[in-house]
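Letter by letter, the chains look like this.
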Amino acid sequence: MRRMGMSMLRALPVQASATRHVQAVRTPILAAGGLNPVTSSRSAYAGIATFRNGISLRSTVASGPWSGKMGRKTLSVSSAAATDVQEETHEYQAEVHRMMDMIVNSLYSNREVFLRELVSNGSDALDKMRFEGLTDRSAFETGEELEMRIKADSEKHTITIEDTGIGMTKEELLDSLGTIARSGTAKFAERVKETKGDAQLIGQFGVGFYSSFLVADKVTVQSKSNNSDKQWLWESASGSHSFKVKEDDSGEPLKRGTRVTLHLKEDAYELADEKKLGELIKQYSEFIQFPIRLWTTKSEQEKVPDEEATKRKQESADAKAKEEGKEAADPVEPVTRTVSKSSEAWQVQNDSKPLWTRSPREVSKDEYDAFFKQTFKEFLEPLSNSHFNVEGTIEFTAILFVPGMAPFEQQDAMARSRNIKLFVKRVFISDEFDEDLMPRYLSFIKGIVDSSDLPLNVSREILQESRVVRVIKRQLVKRSLDMLREIANRPAEGDKKSDYSTFWESFGRNLKLGCIEDQGNRKVLAELLRFPSSKSQDDMTSLKDYVSRMKEGQKDVFYMAADSLNAASSAPFVERLVQRNYEVLYLTEPIDEVAIQNLAEYDDKKFVDVSREGIDLGADDQDTKKTEEQVEQLKSLTEYMAKVLGDKVEKVVVSQRLADSPCALVTSKFGYSANMERIMKTQAMGDNRAMEYMRGRRTLEVNPDHPVISSLKDRFDEHGDSDNAQAMTELLYETSLLTSGFSVDSPKDFAKRIYGMMSGSSTGNGASANGQPRKQKQSAPAVDPEILGADTQNDPWKQ
């Protein structure tokens, strides 16, 4: 009967409790119930039952997918004489195994984050212990020290992370490390909320603890809680479907807290190095509030007595004393030698304090400057900084800085900017999210952002979809522009350049880019723009100052775009404007014209390109009447010139904007200007079809008061359609191409025409339309002069 009963007992299935639902919450690794869980559900643990006959039963969770159904466990019999320390094997659910595979192979792109995750979880456990100690001082009877210790063993290829936090009981180990459903940090935070307490926990990571398997073949967790007299051990291997839990008999007792030991994979052996671990701590966990101690080896130089050298020195002294008739010399001063002595000790790695957690009123300018230089490896003080806290439905803290100079590799700085460091509850996450936190044109702003509302295992995809990030970005942009406006309003000190002039030289192009990309802040950015102008001389002028100097009745803001300041100021289009005291902005950088076109207007004043047709100079009736008369006088010439030039120009007209130049080529209101056409031609991946489509129509404007035009008109009136008139017309067109910012289609033909004109001028014969000298006419035969009325017979010169 007993044998039959035991057989039935072995086969008897026992129903477990219903599975728990998956929760996407992070559990701190070293907390009470606080190591990050990975399974979606777990059957209730039945424990060890002892029967009247002395047979003990060990429970083992059956393998296979659970899919939210009731779990099954089978009971196996063990001997009554078994030791007290028994090992329990629990199997992960199928969903859990897939989740762990995703963690190891997909979730983390950088495996070095394992240390960040474990340290952050340890910080949670310490924070929980601190809170427990505030409510119950007896909790610190097992030790008041709240710290983490990290040690690498290069021989055993292990890394040990130990904390003196709250620790875990057996039930908490099972509850936390067997399922994803349990989040110790989440539960603890709920309990704090219920008691109206305050505990700043990093928690709710979700799967941070299991990043250990990125670098480890096997992970062991030893934990001791104040709520249990026993120390427990959890163990699992990478790729395994199960984990083991037993009472810890390793002989390495903990007063309180948790010790995680990583047995590294072969390709991760290099991580078992104190220097490498120190770098990772500095990178990710420098601002954790609890001390992180790393077991380090120090090499010190020490002077020790050199007995051999001292002996030789003494013998030499004695020999010299005997030569002098003395019995022995006095004892010599001991000789020392320098030796290198190694010592091992725990060294704190996170000395830096998070400056952003302090009130801005408590931080001095020197502290901000020192923090900026240390954090961002700069050697100049920042031009400005902004330290602020945002509270409400979304909370975060930030410190932003405007650098004192541009980086040396500014040409590609925007493409790989890493100036915004993202933290989550003082844990460094990444500096590769600049584009998600700051628009491209503000990529030069450096700063720290610490959010309480983002998960630690944050990815770019999460950031792009996060409402929290959109709020943070909006605030960062606003505060950055406020800083720039404050710098712009600072007065210059004496003969020194103003701070804003220094800023503009380094980052002016960025703000022009902002006028193109940031439609919502164009009005603010327009106030910050600076350009040279016909009245500012060597200084830059703002649009606000330009408008304040506008002539009475002026409706538009005039600008001239060219490749240099000299080219812009000497362009024929600005001649009459400057004469009439109109101010013209000179746009000399490739981005300027596009930025101005995107602004379109400032203070209800439209921007007008003086190189385009249709410019209004506010002519009075007298000017209008004079222009009409000149148009009538030159009608035949302009029609002839249009005929000669053909489809090179749309028309030839009399100009109102020229003063010193004979002619100029203006473009239509739509299409590329001469400056933009030049820029687009230089693009490596430019589209020639788009160039032809966007090319502006050209109009040749002639100056009726210029001597060259007057001479051409006289020759045309006298000789009509002649080779010389054609040559002059072609030459005027090509010179106007150059002076108007275009390029000559055929430099060879242009040069040939110039050489022909020069040759004709030197011989007085002129040149033909193709640049060749005219053919000279044959002269009449020479004759002797005849003197009328002279006496040839009596002429003495003839005799």
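Residues numbered from 1 in each chain as written. Predicted model: local features only at pLDDT ≥ 70, side-chain atom pairs only at ≥ 80, totals over all residues. Heavy atoms only, no water.

### Digging into the overall build of the chain
Helix and strand counts for the chain come out as 24 helices and 27 strands. Taking all 799 residues of the chain together, the buried fraction comes to 46%. Residue pairs in contact within the chain that sit at least 24 positions apart in sequence constitute 73% of those at least 6 positions apart. When the accessible surface of the chain is summed, it comes to about 42,900 Å², and 47% of that surface belongs to carbon and sulfur atoms. (Helix = DSSP H or I, 4+ residues; strand = E, 2+ residues; numbered from the N terminus. Buried < 20%, exposed > 50% of the residue type's maximum accessible area, 1.4 Å probe, protein only. Contact = heavy atoms within 4.5 Å. Areas by Shrake-Rupley, 256 points an atom, 1.4 Å probe, with all protein chains shown as cover.)

### Looking at the packing of helix α19 (residues 635-645) against helix α22 (residues 707-719)
Taken N-terminus to C-terminus, the directions of α19 and α22 make an angle of 90°; their axes are 10 Å apart at the nearest point. The angle between α19 and α22 places the two elements in the roughly perpendicular class. Contacts between α19 and α22 involve Ser636, Leu637, Tyr640 and Met641 from the former and Ile709, Leu712, Lys713, Phe716 and Asp717 from the latter. A breakdown of the residues in the contact of α19 with α22 according to their chemical character gives 6 nonpolar, 1 polar and 2 charged. (Axes fitted to C-alpha atoms, helices over the stretch in contact; angles between N-to-C directions. Parallel < 35°, antiparallel > 145°, perpendicular 65-115°, else oblique. Nonpolar A, V, L, I, M, F, W, Y, C, P; charged D, E, K, R; others polar.)

### With respect to the pairing of strand β7 (residues 158-163)
Judged by how many residues are buried, β7 sits mostly within the fold: 5 of 6 residues are covered. The pairing of strand β6 (residues 148-153) with β7 spans 6 bridges and is classified as antiparallel. Across the sheet, Ala152 pairs through a bridge with Ile159, a residue of β7. One ladder, built from 6 bridges, connects β7 with strand β11 (residues 257-264); its direction is antiparallel. (Pairing = 2+ DSSP bridges.)

### Brief notes about the sheet that holds strand β12 (residues 292-305)
Hydrogen bonds along the backbone pair up the strands of a sheet, which may run parallel or antiparallel. The 9 strands lie next to each other as β5-β10-β9-β8-β11-β7-β6-β12-β13, forming an open sheet whose pairing is mixed. Looking along the sheet, the strands with just one partner apiece sit at the ends: β5 (88-91) and β13 (336-348). Direction aside, neighbouring strands of the sheet carry axes that sit 20° apart on average. Sitting on the sheet, helix α4 (residues 170-177) is in contact with β5, β8 (216-224), β9 (231-237) and β10 (242-247), with an inclination near 25° to β9.

### Re the sheet that holds strand β25 (residues 651-654)
Taken together, 3 strands build an open sheet; the order of strands is β25-β27-β26 and the sheet is mixed. What marks the edges here is a single partner per strand, and that holds for β25 and β26 (663-667). Going across the sheet, the axis of each strand differs from the next one's by a mean of 30°, ignoring polarity. Note that β25 and strand β27 (residues 698-702) share 4 bridges and pair parallel. Following the sheet pairing, Lys651 is matched in β27 by Thr699.

### Brief notes about a negative patch on the surface
Together, Glu527, Glu601, Asp603 and Asp604 make up a negatively charged patch on the protein surface. When you line up the elements, Glu527 lands in helix α13 (residues 522-528). What makes Glu527 partly exposed here is its relative accessible area of 37%. (Patch = residues over 30% accessible without salt bridge, like charges linked within 9 Å, V, L, I, M, F, W, Y side chains within 5 Å. Salt bridge = Lys/Arg side-chain N within 4 Å of Asp/Glu carboxyl O. Lys, Arg positive; Asp, Glu negative; His and termini not counted. Charge placed at Lys NZ, Arg CZ, Asp CG, Glu CD.)

### Quick notes on unusual backbone geometry
One non-glycine residue, His157, lies in positive phi territory at about 60°. We classify His157 as partly exposed; its relative accessible area is 25%. With a phi close to 65°, Asp604 is a non-glycine residue in the positive phi region. Considering the arrangement of structural elements, one finds Asp604 in the loop between β23 (601-602) and β24 (605-609).

### Regarding the nonpolar core
Core analysis: the biggest nonpolar cluster contains 77 residues, and Val402, Leu476, Leu484, Phe503, Leu511, Phe558 and Met560 have the highest contact counts within it. Of all the elements, helix α11 (residues 467-488) adds the most residues to this core, at 11 residues. Setting aside residues up to four positions removed in sequence, Phe558 forms contacts with Tyr546, Leu577, Tyr582, Glu583, Val584, Leu585, Val608, Val610, Ile615 and Asp616. (Core = buried A, V, L, I, M, F, W, Y, C linked by side-chain atoms within 4.5 Å.)

### Observations concerning the confidence of the model for the chain
Across the chain, pLDDT averages 79, with 76% of residues at or above 70. A low-confidence stretch, residues 1-84 stays under pLDDT 50, and its non-local contacts, those more than four residues away or across chains, total 230 contacts. In this model residues 195-206 is a low-confidence stretch, pLDDT under 50, and it forms 46 contacts with partners more than four residues away in sequence or in other chains. (pLDDT = per-residue confidence, 0-100.)

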